[in-house]
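# Descriptive analysis of the structure
Next come the chains, spelled out residue by residue.
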Amino acid sequence: MIAFVKGKVVHVENDHLIIENSGIGYKVFTSINTLSELSGKEEAQVFTEMIVREDSITLVGFSTPQELKVFHLLTSVSGVGTKVGIGILSSIPAP
């Protein structure tokens, strides 16, 4: 389990960012709230959750532990997966 990633922000897209730590680039999917908060920063720390499925391993991360907690609450609802949970978080103000 990866609890958080701290390092240099090397790339930002509209649904993820890449954080380099010790020569490894971590692709972290996140909400628009976190992306806007970290945009323009050289260094960042994101609180993460590694989601292991049969066909993929995904790392999601958020700028605060509270946003991660809300993500956990959202994805605990039947039918709400990773992408939908991040989408909902992107449409509400950051907790």
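Quick note: structure is the one above.
These lines cover the structure that appears in this document, whether it is placed above or below. Each chain carries its own residue numbering, running from 1 in the written order of its sequence. This being a predicted model, a pLDDT of at least 70 is required before a residue's local features are given, and a value of 80 or more before pairs of side-chain atoms are given or counted; all residues contribute to the totals for chains, interfaces and linings. In computing side-chain properties, one takes all heavy atoms of the structure into account and sets aside hydrogens as well as water.

### Overview of the overall build of the protein chain
Note on conventions: DSSP H or I runs of at least 4 residues are helices, E runs of at least 2 residues are strands, and numbering of each starts at the N terminus. Counting its secondary structure elements, the protein chain contains three helices and five strands. Radius of gyration (C-alpha) of the protein chain: 12 Å, near the 12 Å computed for a compact globule of 95 residues. In terms of its C-alpha atoms, the protein chain occupies a principal-axis envelope of roughly 35 × 30 × 20 Å. Buried means the residue's accessible area, taken with a 1.4 Å probe over protein chains only, is under 20% of the maximum for its type, while exposed means over 50%, and partly exposed covers the values in between. The buried share among the 95 residues of the protein chain stands at 36%. Pairs of residues are marked as contacts when any of their non-hydrogen atoms sit within 4.5 Å. Of all intrachain contacts in the protein chain linking residues separated by at least 6 positions in sequence, the fraction that spans at least 24 positions is 45%. Values of accessible area rely on a 1.4 Å probe in the Shrake-Rupley scheme; residue burial ignores everything except the protein chains shown. Here the protein chain has roughly 5700 Å² of accessible surface; of this, 56% comes from carbon and sulfur atoms. A distance of 3 Å separates the average location of the 7 positive side-chain charges in the protein chain from that of its 10 negative side-chain charges. Radius of gyration: over C-alpha atoms. The globule rule applied is 2.2 Å multiplied by the number of residues raised to the 0.38 power. Here the positive residues are Lys and Arg and the negative ones are Asp and Glu; neither His nor the chain ends is included. For charged residues, the charge sits on one atom: NZ in Lys, CZ in Arg, CG in Asp, CD in Glu.

### Here we look at the packing of helix H2 (residues 65-75) against helix H3 (residues 82-91)
Following both chains from N to C, one finds H2 and H3 inclined at 130°, their axes separated by 9 Å at the closest point. With respect to H3, the element H2 is oriented oblique. Considering the relative orientation of H2 and H3, their crossing is right-handed. Contacts between H2 and H3 involve Glu67, Val70, Phe71, Leu74 and Thr75 on the former and, on the latter, Thr82, Gly85, Ile86, Ile88 and Leu89. Every angle, taken between N-to-C directions, lies between 0 and 180 degrees, and every axis is a line fitted to C-alpha atoms, over only the stretch in contact when it is a helix. Here roughly perpendicular refers to angles of 65 to 115 degrees, roughly parallel to angles under 35, roughly antiparallel to angles over 145, and oblique to all remaining angles. Two helices cross in a left-handed way if the nearer one is turned anticlockwise from the farther one by less than a right angle. They cross in a right-handed way if the turn is clockwise.

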